[in-house]
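Coordinate analysis (summary)
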Amino acid sequence: MSHRAWWYYLVILLAGLPVYFFAVGGTAQRVVYYAYGLSSVVAILIGLRIHRPKRRGPWLAFAGGLVLFVAGDIAFDLYASSGNAIPVPSVADYLYLSAYPILALGMVLLVRYRARGSDLASALDGVMVAVGVSSQRGLASCAVP
């Protein structure tokens, strides 16, 4: 594979945008949404294969967290399409919530690998970034419309 694989990925994603935006609320829109989510996991795995980094842990954690988010989206949509009330907490909630620690682990590992040795300061940097990002996402998802 060439080092321009990201360019092909971008072109494919941009080509799918009209399908997503013009298929208002239909099955095609949901399929494109899931495909975009899963394509990010595939892109990470292909990037790992192309670039072969020494430390794959952070990238595998990011891929795992994204898989959990997509699975949460699918579970939520299955509940919503069943016509019944969505239970609280639901399987979708557990999938979404389990994604956060895995994504945070990826952030911690990235920062920790940046600094050599077992450096407490670099580990705390990673934890602060992960908590800051997750709290901003949590606040945004709790916003009242």
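Residues numbered from 1 in each chain as written. Predicted model: local features only at pLDDT ≥ 70, side-chain atom pairs only at ≥ 80, totals over all residues. Heavy atoms only, no water.

**Brief notes about the packing of helix α2 (residues 27-51) against helix α3 (residues 57-81)**
Where α2 contacts α3, the axes come no closer than 9 Å and their chain directions differ by 165°. Relative to α3, α2 is oriented roughly antiparallel. As for how α2 packs across α3, the hand of that crossing is left-handed. Residues Arg 30, Tyr 33, Tyr 34, Gly 37, Leu 38, Ser 40, Val 41, Ile 44, Leu 45 and Leu 48 of α2 form the contact with α3, whose own contacting residues are Trp 59, Leu 60, Phe 62, Ala 63, Leu 66, Val 67, Val 70, Asp 73, Ile 74 and Asp 77. Tallied by class, residues from the contact of α2 with α3 come to 15 nonpolar, two polar and three charged. (Axes fitted to C-alpha atoms, helices over the stretch in contact; angles between N-to-C directions. Helix = DSSP H or I, 4+ residues; strand = E, 2+ residues; numbered from the N terminus. Parallel < 35°, antiparallel > 145°, perpendicular 65-115°, else oblique. Left-handed = near helix turned anticlockwise from the far one by under 90°. Contact = heavy atoms within 4.5 Å. Nonpolar A, V, L, I, M, F, W, Y, C, P; charged D, E, K, R; others polar.)

**Thoughts on the nonpolar core**
When a protein is soluble and globular, its nonpolar side chains tend to lie buried together. By size, the foremost hydrophobic cluster in this structure holds five residues: Val 41, Ile 44, Leu 48, Phe 62 and Ala 63. Per-element tally for this core: the top contributor is α2, with three residues. Excluding anything up to four places from it in sequence, Leu 48 contacts Pro 53, Arg 56, Trp 59 and Leu 60. (Core = buried A, V, L, I, M, F, W, Y, C linked by side-chain atoms within 4.5 Å. Buried < 20%, exposed > 50% of the residue type's maximum accessible area, 1.4 Å probe, protein only.)

**A look at unusual backbone geometry**
A cis amide bond links Val 88 to the next residue, Pro 89, at an omega of -5°. If you trace the backbone, Pro 89 turns up in the loop between α3 and α4 (91-114). You will see that Arg 52, though not glycine, has its phi angle at about 45°, which is positive. Note that Arg 52 resides in the loop between α2 and α3.

**Describing the side chain of Asp 77**
On the secondary structure map, Asp 77 appears in helix α3. Owing to a relative accessible area of 19%, Asp 77 belongs among the buried residues under this scheme. Among the polar contacts listed, one links the side chain of Asp 77 to the side chain of Arg 30, at a separation of 2.5 Å. Residues contacting Asp 77, with those up to four places away along its chain left out, are Arg 30 and Tyr 34. (Polar contact = N/O pair within 3.5 Å; in protein donor to acceptor, adjacent residues only side chain to side chain.)

**Section: the side chain of Ser 39**
The residue Ser 39 is located in helix α2 in this model. One polar contact links Ser 39 to Tyr 9, side chain to side chain, over a distance of 2.9 Å. Excluding anything up to four places from it in sequence, Ser 39 contacts Tyr 9 and Leu 13.

**Structural notes on the environment of Leu 38**
Note on placement: Leu 38 falls in helix α2. Classification of Leu 38 as partly exposed rests on a relative accessible area of 39%. In this structure, the C-alpha to C-alpha distance between Leu 38 and Val 67, residues 29 residues apart in sequence, is 6.8 Å.

**Comments concerning the confidence of the model for the protein**
Averaged over the protein, the pLDDT score is 82; the fraction of residues at 70 or greater is 83%. Helix α5 (residues 120-141) is the least confidently modelled element of the protein, averaging 65 in pLDDT, while α3 averages 94, the highest of any element. Here residues 139-145 scores under 50 on pLDDT; set against residues more than four positions off or in separate chains, the count is zero contacts. (pLDDT = per-residue confidence, 0-100.)

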